[in-house]
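Chain and residue survey
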Amino acid sequence: MGWTKEETDYLLDMLEAYDLRFVVVADRYNFPNGPPRSLEDLKDRYYAIARRLLVAREGTEATLLNNQLLRQPYNAAAERARRAALNTLMARSNAAEASENEILEQARVVEDKRKAEHAAASAQAAAAAAAAAKKNAVAVVPKPPPPVAEEAAFNPGDLIYPQDFHNAPMQMGMPSLLNAHLEAFWPQPGVYARGVHTRETAAAQEKQALGSSQKNIKAFETAVAESGYAGLPRYHSRAVSGAYLALRGELLALLELRRQCQARTDVKGGGGKRKKGDDGGRGEKRQRTAKRPYD
């Protein structure tokens, strides 16, 4: 039968009073004029409410992909089947248990015999295949290994930043690390500290965009100081690391735009420098005036 609001409130009050001890609540559960409820019914109703509250507070299930309540929701039917199987197992007699153990031992002996026969047949087939291959061996030139795909060079002008960065990946199984292009970074198996990886990625951004020019590096440091955030993040969550790398990428793009703007200005203004001797003849006039005799 369905649940009414009054019975749901009664269940939540009981769980609060007994600190979520479902066995105790099921033993004392007695809603007036209500249908009988099993332990699985009480758990199913409680966890269904908990899931709905979590989704309502977050507004979306995308940020709750790793939450236990959504990844492995409570299954009342499976729980009932498990408890029934456990009751059947506990109700066995000593004679039934001894007979079952004897059958299992016989099955184990048969399985070991089959494994030994299969291993012997496999070894014999492998030896025959090796002998045939040695007899008909042909020199084969090994193929070179396939080239390893390298990551594209970082160009700050090619970046398209997302509106925001979430701490939880948008898809289950997606790594929480980001590369210089602010895309999901799939590392080799191992342990990676997100803070160290973020600092290394930021250094790679700067090296690929600026090279080894001290002038460009100094200009970038000045742009970072002008932004008002010249330090490192205090903690490196996925959202903070993504925003930090996005900020540095935007500053690199700004630096490149300033350089291009300055280059265009120099071209249009003729470089902004006057050639030597280009004074409109004023120097020669001053020289003639200096040689005039005094009156």
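Anything mentioned here points back to the structure above.
1. Some remarks on helix 5 (residues 76–90)
Every α-helix carries 3.6 residues per turn, so stepping three or four residues along brings you back to the same face. If you check helix 5, its first and last C-alpha atoms are 21 Å apart, about what 15 residues at 1.5 Å a residue would give, namely 21 Å. Capping of helix 5 at its N-terminal end is provided by Asn-75; its side-chain oxygen lies 3.2 Å from the backbone amide nitrogen of Ala-77.

2. Overview of the environment of Phe-22
Looking at the element boundaries, Phe-22 is found in helix 2 (residues 22–28). The spacing of Phe-22 and Leu-39 is 17 residues in sequence and 6.9 Å in space, taken between C-alpha atoms. Apart from residues no more than four positions distant in its own chain, Phe-22 is found in contact with Leu-15, Leu-39, Leu-42, Lys-43, Tyr-46 and Tyr-47.

3. Considerations on the nonpolar core
The tendency in soluble globular proteins is for nonpolar side chains to be buried as a group. Core analysis: the biggest nonpolar cluster contains eight residues, these being Leu-11, Met-14, Leu-15, Phe-22, Val-25, Tyr-29, Leu-39 and Leu-42. Residue assignment for this core shows that the elements contributing at least two residues are helix 1 (5–17), helix 2 and helix 3 (39–58). Looking at this core element by element, the count peaks at three residues for helix 1. Setting aside its immediate chain neighbours within four residues, Leu-15 contacts Leu-20, Phe-22, Val-25 and Tyr-46. The next biggest cluster of nonpolar side chains, apart from the first, holds seven residues, and it includes Leu-210, Phe-220, Leu-252 and Leu-255.

4. Here we look at the pattern of salt bridges
Inspection of the entire model under this criterion finds 12 salt bridges. Asp-41 serves as the salt-bridge partner of Arg-80, at 2.5 Å between the closest nitrogen and oxygen. In this pair, Arg-80 is assigned in helix 5 and Asp-41 in helix 3, connecting sequence segments 39 residues apart. With a shortest N-O distance of 2.6 Å, Glu-256 and Arg-259 are connected by a salt bridge. Highlighted residues: Glu-256 and Arg-259, both in helix 9 (residues 238–268), separated by three residues, approximately one helical turn. Of the residues examined, Glu-256 reaches a relative accessible area of 30% and is grouped as partly exposed. Classification of Arg-259 by relative accessible area gives partly exposed; the value is 47%. Residues participating in the shared-partner salt-bridge network are Arg-92, Glu-97 and Glu-100.

What counts, and where the lines are drawn
Residues numbered from 1 in each chain as written. Predicted model: local features only at pLDDT ≥ 70, side-chain atom pairs only at ≥ 80, totals over all residues. Heavy atoms only, no water. Helix = DSSP H or I, 4+ residues; strand = E, 2+ residues; numbered from the N terminus. Expected span 1.5 Å × (residues − 1). Polar contact = N/O pair within 3.5 Å; in protein donor to acceptor, adjacent residues only side chain to side chain. Contact = heavy atoms within 4.5 Å. Core = buried A, V, L, I, M, F, W, Y, C linked by side-chain atoms within 4.5 Å. Buried < 20%, exposed > 50% of the residue type's maximum accessible area, 1.4 Å probe, protein only. Salt bridge = Lys/Arg side-chain N within 4 Å of Asp/Glu carboxyl O.

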